[in-house]
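Summary of the model geometry
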Amino acid sequence: MDIKMEYFGLSDIGRVRDINQDAYRAETDGKHPVFVLCDGMGGHKAGEVASAESVIDIAATLNELMGEDDGNLFVKIVSAMNHANRRVYAKSREDEECRGMGTTCDVCVVTNDQAYIGHVGDSRIYIYTGKGLYQITKDHSLVEEMIDSGRITRDEARTHSQKNFITRALGTQEFIQVDTYLAAFRQGDIILMCSDGLTNMVPEIDIAYILSTNMSLEDMGKRLVELANDSGGSDNITIILIRR
C-alpha cells in the first residue's frame, strides 16, 4: 500500500444495550485500503452475527476481487456487499435463532485521491474538509423519506418515534440495492464512518468541532464515543476515522 493515510476505529457497547451488535473491519495491506462498518439488527445476538460475519466477508471478498485487476471499484464493492447479503439472508432462513437478522453496511475503499463508497441502511459516512463537515451517504430510513416528502423537518426527525425504522438492510431480502458514492479525498481531509449510536446522540456541529481540532485520530474517536455516552449512550457506538 503506497497511500499515505492513517486511521482509527473504535466500537463501544454504550450505556443501555446488553450486547454490541456493531462491527467494523479495516484492511490496509491490500491494493487499496478497505474499511467496513455494520450495525446489526435482529433477535438476541442475531444482529451481532449479521454484522460480524458481514464485515469479515466483505473485506475478504474485496481483497480477492481487487487482487485480480484494476477494474471498476464500484462493481467490486457492490459484488462484495451482495455476496455478504446472500450469506446473511441464507443463514437467517436456515437458523431459527438468526431468523429476520440483518445489518446496515457501509464500505469505503480509499485510493490516492478518492473514496469509493457503498451504502445500505442508516449508518453514515461523512467527510470533514477545511470547509466543514459533509454527509456523503443518505439514510435508508422512514424518517428520511418523511423529510423528503416534506412531512417532517430534519430537526423533528431527531426525536421522531420511528427514527430507528430503516427501509433497507443487508441480509433481510435475497437481493439488495446498494447506493454508491464517489468523494474526493485530499490531504488533510478526514472521513468519518459511524453507526447511528453516534449520530443519534451527538449533533453534527459537535462532531465537526471535534474533527476540526489538532487531536490525534485516536483522541478524536475516543472523544466522539465519550460524547455519545455522556448524552445517554442509548445504542452501540462505532466509528472509523480515516485521514489523508
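What you are looking at is a predicted structure, and each value in this text was computed from that prediction instead of being measured. Counting restarts for each chain, with residues numbered from 1 along the sequence as it is written. Given that the model is predicted, a residue must reach a pLDDT of at least 70 before its local features are reported, and side-chain atom pairs must reach 80 or more before they are shown or counted; all residues, however, enter totals for whole chains, interfaces and linings. Water and hydrogen atoms play no part in the side-chain values, which are based on all heavy atoms of the structure.

**Describing the sheet that holds strand β3 (residues 34-41)**
- Within the open sheet, the 5 strands sit side by side as β2-β3-β4-β5-β8. Their pairing is antiparallel. A strand with exactly one partner marks an edge of an open sheet, and here the two such strands are β2 (22-27) and β8 (179-184). For this sheet, the mean angle separating the axes of adjacent strands, direction not counted, is 15 degrees.
- Any two residues whose heavy atoms approach within 4.5 Å are treated as being in contact. Every axis corresponds to a line fitted to the C-alpha atoms, with the helix fit spanning only the stretch in contact, and the corresponding angles, defined between N-to-C directions, vary from 0 to 180 degrees. By definition, any uninterrupted DSSP run of H or I lasting at least four residues is a helix, any uninterrupted run of E lasting at least two residues is a strand, and each is numbered from the N terminus. Its contacts with the sheet put helix α1 (residues 46-66) on β2, β3 and β4 (102-110), and the angle it makes with β3 is roughly 160 degrees.
- Contacts from helix α2 (residues 73-94) reach β4, β5 (114-120) and β8 within the one sheet, and its direction differs from that of β5 by about 30 degrees. Between any two strands, at least two bridges found by DSSP are needed for them to pair.

**Digging into the packing of α1 against α2**
- Their axes nearest at 9 Å, the elements α1 and α2 cross at an angle of 145 degrees. Between α1 and α2 the crossing geometry is right-handed. The residues of α2 that touch α1, namely those facing Val 49, Ala 50, Glu 53, Ser 54, Asp 57, Ile 58, Thr 61, Leu 62, Leu 65 and Met 66, are Leu 73, Lys 76, Ile 77, Ser 79, Ala 80, Met 81, His 83, Ala 84, Arg 87, Val 88 and Lys 91.
- Taken together, the residues of the contact of α1 with α2 break down into 12 nonpolar, 4 polar and 5 charged. Helix crossings get a hand from a simple test, with the near helix turned counterclockwise from the far one by less than a right angle marking a left-handed crossing and a clockwise turn marking a right-handed one. The classification used treats Ala, Val, Leu, Ile, Met, Phe, Trp, Tyr, Cys and Pro as nonpolar, Asp, Glu, Lys and Arg as charged, and all other residues, Gly among them, as polar.

**Considering the environment of Gly 232**
- For Gly 232, the position within the fold is in the loop between α7 (217-230) and β10 (237-243).
- Considered as a pair, Gly 232 and Met 201 are 31 residues apart in the sequence and their alpha carbons are 7.3 Å apart.
- In this structure Gly 232 touches Arg 15, Val 16 and Met 201, once residues within four positions along its chain are discounted.

**Digging into the nonpolar core**
- Val 36, Ile 58, Leu 62, Met 81, Cys 105, Val 107 and Val 109 are the most contacted members of the largest nonpolar core, which totals 27 residues.
- At the level of secondary structure, the elements contributing two or more residues to this core comprise β3, α1, α2, β4 and β5.
- Here the element with the most residues in this core is α1; it accounts for 7 residues.
- If sequence neighbours within four positions are ignored, Leu 62 has contacts with Val 34, Lys 76, Ile 77, Ala 80, Val 107 and Val 109.
- In this structure, Met 220, Leu 224, Ala 228 and Leu 241 belong to the second largest nonpolar core, which totals 23 residues. Definition used in this section: a nonpolar core is a set of buried Ala, Val, Leu, Ile, Met, Phe, Trp, Tyr and Cys residues joined via side-chain atoms within 4.5 Å. With a 1.4 Å probe rolled over the protein chains alone, any residue whose accessible area is under 20% of its type maximum counts as buried; one over 50% counts as exposed, and the rest are partly exposed.

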